[in-house]
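Structural description and commentary
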Amino acid sequence: MRFGYKAWMLSEELKVESGEFFAEEEFRRGIVGFFGEEKFKASFDIDENLPLEGFSVAGGADGLKISGGCESGLLYGAYAALFALKRGEAAEKISISQKPAVEKRILNHWDNGDGSVERGYSGGSLFWRDGKIGYDLPRLRDYARLLASVGINEISVNNVNVRLQTAKLLTDEGLKDLVKVAEVFRPFGIRLIISVHFDSPVWLGGLKTSDPADPKVADFWNAAAARVYGKIPDLAGFLVKADSEFQSGPNAFGHTQDVGANVIAKALKPHGGTLYWRCFIYNCLQDWRDTVTDRPKAAYDTFFPLDGKFDQNVILQVKHGPSDFQVREPNSPLLGALKNTREALEFQIAQEYTGQQKDLYAWAVQWEEILDAPFNEERTTRDLIGKEIEAIVAVSNTGDDENWCGHLMAQANLFAFGRLAYNPALTAKAVTEEWVSLTFGNAAEIHAPIAKMLLDSRHVYEKYNAPLGICWMVCIHHHYGPSPDGYEYMKWGTYHRADTKAIGVDRTRNGTSYTAQYQPFVRDLYENLQTCPQEMLLYFHRLPYDFKLKDGRTMIQYIYDTHFEGVEGVENFITVWESLKGKIPDEAYTHVRERLAMQLENAKEWRDVINSYFYRKCGIPDEKGRTVYV
Ligand code: GCW
């Protein structure tokens, strides 16, 4: 097997015993397992006293005893045992006991029927080609194992921007192939979700309207749900992006979001299905001259007044930040704010704004920061998980590239997502080190530098990107590389309003009052220049270029410094990587070395464009006299 195709769960050693048995009867009864050359004894049983999808693994003189609260728990226990063995633990000493923090650990695929992937940087779709889903079932089986090995238990199979080809999943014809995909994922404890188009009643049902208040529309959804559940009884549910970025929705018919969601939720209810309803709603036709409308306020303004109005089987899916998966933004104030509505937290593993799987970027570090951020004076965002937040979702970074993720090291992000969704108490360091061990082995001279590169990568990227939480300085549409004014005079509501004196939007009570959406403790934290985290200063405040930061530097000098440091950080990655030549498989070495070369180009472009942009605005030179292009 080529290294490119190999991921932690598909490495030669792990494949032997995890490969074909995992979901099979022999495995559950399995008496003997293999690990590399070594044979070990293992017994497997379902112990109903354990939490559902929880497990325990105990090593002893008689081999490993693996117990699960249900079949999925057993599966997770077996993977945990394999991971421990691969990390070099002696079988007799293994002792692990875990349970998932949330019941729903979900991957969304933004895959289109034609085989393309929206914001996909890893080749084409693993699911779709020429309008057909499930064209390569053996590969999907590997994928299922990969996802199950980190505890993912639901996946959506088509883009939230639904087009006609994938909308047809609700028809008998579309379901024929989807049934086969469900069969592949089922033994791995993974249930499917279908993204549905709000206008399906018109597109597929021949109706004249999709108005949720129209009884014929309700009939359409009831029939569609019955048809789907007739074929796939364990489908997890539907996912909807409504009234967002040109997708239709209840607003078009004069209704609020709950009215649109509930008609579909009612259709799913008899079958035990969940409706995931996205909260990524904002005015994407804003006039840039309008300084009153403030895009980050939109989701909260739309959904907070509707708390308690959604049916019980609706889960609102909230992006982690109020902007859009930016390198730095605060947490969404909607998270935890809804007391009578179920919520899911949405991450993006695909590196849309974070280097597109050319640049190295360990999301785990950012996710840890997000989870550590305060919800109020007593609780962090992590404390909401398993309580107010009952599902964790991410947009996948996978595709049909040989190595699944475009950048081999981006596999670490998929791995980290699954591990953190199962156990958000794990640190970024722990999950990163685990992935490095499973992929490159445990030898310190290899392990330590690779883990460090990954753990540093988020901050290195942030250094050469848009500074201090300003967001959106990316090239329009494709979102790779710098373009400080790219979105400035556009309709998307993403403005930094830089002039010769200052930059940023005042989102405090003196400005757009966005901060008022937070719990008072957090609102005050962000409003106060003394307590606002430095890296988010320009998200909340409009500041002059000579504003003094805590370390005495001016803001403009900090911008220059970080942008030079960002490029140095990438140069350092290259030096470190080159020291690994000959110690890791050549194919992996060469592949990552090539990506690092691309990253260096990108970092230099960011450095020079951002520094020149600000210098030209403010005219304040770099104190250290480095090259800035005038
Ligand atoms: O960030 C934006 C992306 C769109 C995406 C949208 C969303 C699927 O640029 O490509 O559409 O977010 O989350 O719905």
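Our next topic: the overall build of the protein. Within the protein one finds 18 helices and 17 strands. A compact globule built from 630 residues should have a C-alpha radius of gyration of about 25 Å, and the protein, at 25 Å, falls within 12% of that. Each of the three principal axes of the protein carries a C-alpha extent, and together these read 70 × 65 × 50 Å. Across the protein, the fraction of contacts at a sequence separation of at least 24, relative to all contacts at a separation of at least 6, is 70%. Entry remark: accessible area of the protein is about 23300 Å², with carbon and sulfur atoms responsible for 51%. Measuring between centres, the 71 positive side-chain charges of the protein sit 1 Å from its 87 negative side-chain charges.

Neighbouring residues of the ligand: 15 residues in total, closest Glu118, Lys241, Lys319, Asp324 and Glu352. The separation between an oxygen atom of the ligand and a polar side-chain atom of Arg119 is 2.9 Å. Taking Arg278, its side chain carries an N or O atom lying 2.7 Å from an oxygen atom of the ligand. Computed on the free molecule, the ligand has an accessible area of 340 Å², of which 97% lies beneath the protein chains in the complex. Of the residues that constitute the shell around the ligand, the class distribution is four nonpolar, three polar and eight charged.

A few words on the sheet that holds strand E11 (residues 237-240). Spatial ordering of the closed barrel is given by E6-E9-E10-E11-E12-E13-E14-E15, a layout of eight strands whose pairing is parallel. Strand-to-strand, the axes of this sheet are offset by a mean angle of 25°, without reference to chain direction. Of the pairings in the sheet, the one linking strand E13 (residues 314-319) to strand E14 (residues 342-348) comprises five bridges and is parallel in character. In the sheet register, Val318 faces E14, and the bridge partner there is Leu345.

All right, on to the side chain of Asn159 then. By secondary structure assignment, the location of Asn159 is in the loop between strand E9 (154-156) and helix H5 (164-167). When its relative accessible area of 0% is taken as the criterion, Asn159 is described as buried. Reaching out from Asn159, the side chain makes a polar contact with the side chain of Asn112 at a distance of 2.9 Å. Ignoring any residue separated from it by four or fewer positions in sequence, one finds Asn159 in contact with His109, Trp110, Asp111, Asn112, Glu118 and Ser195.

The next point concerns the packing of aromatic side chains. Aromatic rings considered in pairs are described by the distance between their centres and by the relative angle of their planes. Applying the stated criterion across every chain yields a total of 34 aromatic pairs. Between Tyr300 and Phe304, the ring centres sit 4.7 Å apart and the planes meet at 5°, which makes this aromatic pair stacked. Aromatic pair Tyr613 and Phe614: ring centres 5.3 Å apart, planes at 80°, arrangement edge-to-face. Taken individually, Tyr613 and Phe614 each receive the classification buried, so the pair is uniform in this respect. Here the aromatic cluster, defined as three or more aromatic residues joined through ring pairs, consists of Phe347, Tyr361, Trp363, Trp367, Phe417, Tyr461 and Tyr464. Taking the ring centre of Trp404 as reference, the NZ or CZ of Arg139 above it sits at 4.0 Å. Sitting above the plane of the Tyr480 ring, Lys358 keeps its charged end 4.4 Å from the centroid.

Our focus in this paragraph is the pairing of strand E10 (residues 191-195). For E10, the buried fraction is high: four of the five residues fall into the buried class. Across three bridges, the pairing between E10 and E11 is parallel. In the sheet register, Ile194 faces E11, and the bridge partner there is Phe238.

Parameters at a glance
Residues numbered from 1 in each chain as written. Predicted model: local features only at pLDDT ≥ 70, side-chain atom pairs only at ≥ 80, totals over all residues. Heavy atoms only, no water. Helix = DSSP H or I, 4+ residues; strand = E, 2+ residues; numbered from the N terminus. Rg over C-alpha atoms; globule rule 2.2 N^0.38 Å. Contact = heavy atoms within 4.5 Å. Areas by Shrake-Rupley, 256 points an atom, 1.4 Å probe, with all protein chains shown as cover. Lys, Arg positive; Asp, Glu negative; His and termini not counted. Charge placed at Lys NZ, Arg CZ, Asp CG, Glu CD. Near = heavy atom within 4 Å. Polar contact = N/O pair within 3.5 Å; in protein donor to acceptor, adjacent residues only side chain to side chain. Nonpolar A, V, L, I, M, F, W, Y, C, P; charged D, E, K, R; others polar. Pairing = 2+ DSSP bridges. Axes fitted to C-alpha atoms, helices over the stretch in contact; angles between N-to-C directions. Buried < 20%, exposed > 50% of the residue type's maximum accessible area, 1.4 Å probe, protein only. Phe/Tyr/Trp six-rings, centres within 6.5 Å; stacked < 30°, edge-to-face > 60°. Lys NZ or Arg CZ within 6 Å of the ring centre and 35° of its normal.

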